[in-house]
Amino acid sequence: GLNLTDIQGDILIGMKKNKELFFFFSITDAATFKAKLGSDILELITSTNQLLAVATQPITAVNVAFSSTGLKALGITDDLKDPVFEAGMLSNAVSDLSDPGTGNWVPGFVGTSVHGVFLLASDTIDNVNTELANIQTILNGSITEIHRLQGEARPGDQQGHEHFGFMDGISNPAVDGFTPPAEIRPGQALIPPGIMLLGEANDTFQNDRPPWAKDGSFLVFRQMQQRAPEFNKFLQDHALNMPNMTSEQGADLLGARIVGRWKSDAPIDLTPLVDDPVLAADNQRNNNFDFSDATNQTRCPFSAHIRKANPRGDLGGINKFPNQHIIRAGIPYGPEVTDAEKASNSSSTDPSLERGLAFVAYQSNIQNGFVFLQKNWVDNTNFFRPGTGVDPLIGTNSRNSGTDAPNTPRVVSGLDPNNATSTIEIGIDFVVSRGGEYFFSPSLSAIRTVLSV
Ligand code: N7H
């Protein structure tokens, strides 16, 4: 079995708290940092095992991960065998991730000064800030802050939903040797542990990594701004015209077809025309589909976000592409849409009103995981059929891996259930990349025996 006391808690199970702070730092005094990492920080790091039972969960869960420049700052020169991690996100954001450049990036992500990130998760922001202050005191000036992003679950009945209103974070793959067989949900992919953890079974470079890298995982971080008022306005303006549906219902249907799930989480492949909250709440049914209707898109468009990001039966079954899986562990950030934004149908330019998704994805091979999903599927106009278009939800008009010209509206087909070949032009990006970085989330023993010595 896996050594769950040695694997950081966010990777396989997720810290799953209502508040999570991402604190990006630069190491300014490596000797002090290493000494404190081993003597005092290590004992604060939350393992997978600790998160499994409520009784052992700390008040504030703490994880830490390092960028490739961060590992170098600590004097680590071993090759982790992941060129995408090695080069950093700045190198492939345009070529692989369709970012239009770094004009929209948080300044701290531009460059190579982010050495690491602390992930602090708890029930309250006070708890998180107390733990951050504790860590900063321990580290005694050996790091400086580059950027922080305070994630928080949305309030009231929107808890668990992201800023476009959809339930998120439901479909992660089950991991062989970790997920108890009785808890594997019908329709859920079951992947070998090495797709998530370096050095485990089916890791591409299982026998080729430095031994200390075993049971670590690569953490992809992206700050993805969501233009919720613009998204909602688009749905209203392009509400699908269906018999016996109000225009509001037609707008909801369009949203569901763009995502592939209703706001409740019910998959449209199972309930194509009307939301079904009972189905959504049923763990045995809400993931049990494989897009078997591969012809006329009356159930789910080929372009739907969840079909682009995990095509399931389209490519011959949920386990046919075993390397193309990530575990998502993100959380929304930013305030609710204000009345003024609602009234103007546009996102405020006030930085304190920025909202979106603090996107986190784990995998053992960034090229096969996140980059493949983003480049070969999400941003590829011809996936999984010629003319499908890029992902209508998170795709951008500056994409470069498709066949459409950059900076023109993205043309998406299949969204209208009445006419699968008709297309919709989307002239605005609903999601704007504010940048990010690639990190390595090491095992606790790696921190003890290598990173802190
Ligand atoms: Fe997506 N959203 O909240 O609307 N995503 N996603 N994602 N996503 C999913 O299954 C969303 C993004 C995947 O197995 C759901 O948990 C938003 C990126 C994958 O069926 C919803 C953003 C990438 C799945 C969203 C965003 C992915 C998935 C359905 C950005 C990878 C699982 C609920 C702001 C490149 C698919 C759920 C499956 C599901 C949303 C980004 C990938 C609602 C708003 C960048 C693999």
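So, a few notes on the structure that sits alongside this text. Here the structure is a predicted model, which is why all the values come from computation and not from measurement. Here, residues in each chain are numbered from 1, in the same order as that chain's written sequence. This being a predicted model, a pLDDT of at least 70 is required before a residue's local features are given, and a value of 80 or more before pairs of side-chain atoms are given or counted; all residues contribute to the totals for chains, interfaces and linings. In computing side-chain properties, one takes all heavy atoms of the structure into account and sets aside hydrogens as well as water.

## Side note on helix H13 (residues 367-378)
Moving on, step 1. When the terminal C-alpha atoms of H13 are compared, their 14 Å separation across 12 residues is substantially less than the 16 Å that a helix rising 1.5 Å per residue should span.
Moving on, step 2. Burial classes: relative accessible area under 20% of the type maximum marks a residue as buried, over 50% as exposed, and values in between as partly exposed (1.4 Å probe, protein chains only). Numbering of helices and strands runs from the N terminus, with a helix taken as a DSSP run of H or I at least four residues long and a strand as a DSSP run of E at least two residues long. With respect to burial, H13 is a largely interior element, nine of its 12 residues being buried.
Moving on, step 3. Looking only at H13, the buried set comprises Asn368, Gly369, Phe370, Val371, Phe372, Leu373, Gln374, Trp377 and Val378. One fewer than the residue count of a helix, multiplied by 1.5 Å, yields its expected span.

## Thoughts on the coordination of the iron atom of the ligand
Moving on, step 1. Coordination shells were defined by N, O and S atoms within 2.8 Å of each metal, extended to 3.2 Å for Na, K and Ca; water is absent from the atom set, which can make sites look incomplete. With respect to protein ligation, the iron atom of the ligand binds only His305 (NE2), at 2.1 Å.
Moving on, step 2. In this fold, histidine 305 is placed in helix H11 (residues 305-309).

## What to know about the packing of helix H2 (residues 30-41) against helix H7 (residues 125-139)
Packed helices, taken two at a time, are described by their axes: the angle between them and the distance between them.
Moving on, step 1. Throughout, an axis means a line fitted to C-alpha atoms (over the contacting stretch in the case of helices), and angles, computed between N-to-C directions, take values from 0 to 180 degrees. Two elements in contact, H2 and H7, have axes separated by 9 Å at closest approach and are oriented at 125 degrees. The orientation of H2 relative to H7 falls into the category oblique. Where H2 approaches H7, its residues Thr32, Phe33, Lys36, Asp40 and Ile41 are matched on the opposing element by Ile135, Ile138 and Leu139.
Moving on, step 2. Looking at the contact of H2 with H7 residue by residue, the class counts come to five nonpolar, one polar and two charged. Note on angle classes: values under 35 degrees are labelled roughly parallel, values over 145 roughly antiparallel, values of 65 to 115 roughly perpendicular, and the remainder oblique. Contact criterion: two residues are considered in contact whenever any of their non-hydrogen atoms come within 4.5 Å of each other. Charged means Asp, Glu, Lys or Arg here, nonpolar means Ala, Val, Leu, Ile, Met, Phe, Trp, Tyr, Cys or Pro, and polar covers whatever is left, Gly included.

## A short note on helix H8 (residues 228-237)
Helical geometry note: an α-helix holds 3.6 residues per turn, so side chains three or four residues apart project in the same direction.
Moving on, step 1. Among the residues of H8, those classed as buried are Ala228, Pro229, Glu230, Phe231, Phe234 and Leu235.
Moving on, step 2. Buried residues along H8 sit against strand E7 (217-226), helix H9 (247-259), helix H12 (339-344) and strand E12 (423-426).

## With respect to unusual backbone geometry
Moving on, step 1. That bond from phenylalanine 383 to phenylalanine 384 is cis: its omega, 0 degrees, falls within 30 degrees of zero.
Moving on, step 2. Structurally, the position occupied by phenylalanine 384 is in the loop between H13 and strand E11 (410-413).
Moving on, step 3. Unusually for a residue other than glycine, asparagine 140 sits at a positive phi of about 50 degrees.
Moving on, step 4. The exposure class assigned to asparagine 140 is exposed, which follows from its relative accessible area of 55%.

## Re the pattern of salt bridges
Moving on, step 1. Between Lys or Arg on one side and Asp or Glu on the other, a salt bridge is scored when a side-chain nitrogen of the former is within 4 Å of a carboxyl oxygen of the latter. Evaluated as defined, the whole model comprises 19 salt bridges.
Moving on, step 2. Linking glutamate 230 and arginine 227 is a salt bridge whose minimum nitrogen-to-oxygen distance equals 3.9 Å.
Moving on, step 3. By relative accessible area, glutamate 230 is classed as buried at 10%.

## Thoughts on the pairing of strand E13 (residues 431-441)
Moving on, step 1. Summarising burial for E13: 11 of the 11 residues are buried, a large majority.
Moving on, step 2. At least two DSSP bridges between two strands are needed for those strands to be called paired. Across nine bridges, the pairing between E7 and E13 is antiparallel. Bridged to valine 220 within E13 is tyrosine 438.

## As for the site of the ligand
Moving on, step 1. If even one non-hydrogen atom of a residue comes within 4 Å of a molecule or strand, that residue is called near it. Taken together, 25 residues surround the ligand, and among them Glu162, Ile170, Ser171, His305 and Arg312 come closest.
Moving on, step 2. Measuring from a nitrogen atom of the ligand, one finds a side-chain N or O atom of histidine 305 at 2.9 Å.
Moving on, step 3. For the shell around the ligand, the elements supplying multiple residues, two or more each, are E7, H11, strand E10 (356-363) and H13.
Moving on, step 4. Class assignment for the residues of the shell around the ligand results in 14 nonpolar, six polar and five charged.
Moving on, step 5. Domain start and stop points were drawn from an automatic or database domain assignment. Residue-level mapping places the shell around the ligand at the junction of two domains, with at least three residues from each of domain 1 (9-224 + 436-451) and domain 2 (227-324 + 368-432). Here a polar contact is taken to be a pair of N or O atoms separated by no more than 3.5 Å, where protein atoms must pair a possible hydrogen donor with a possible acceptor and residues adjacent in sequence count only if both atoms sit in side chains.

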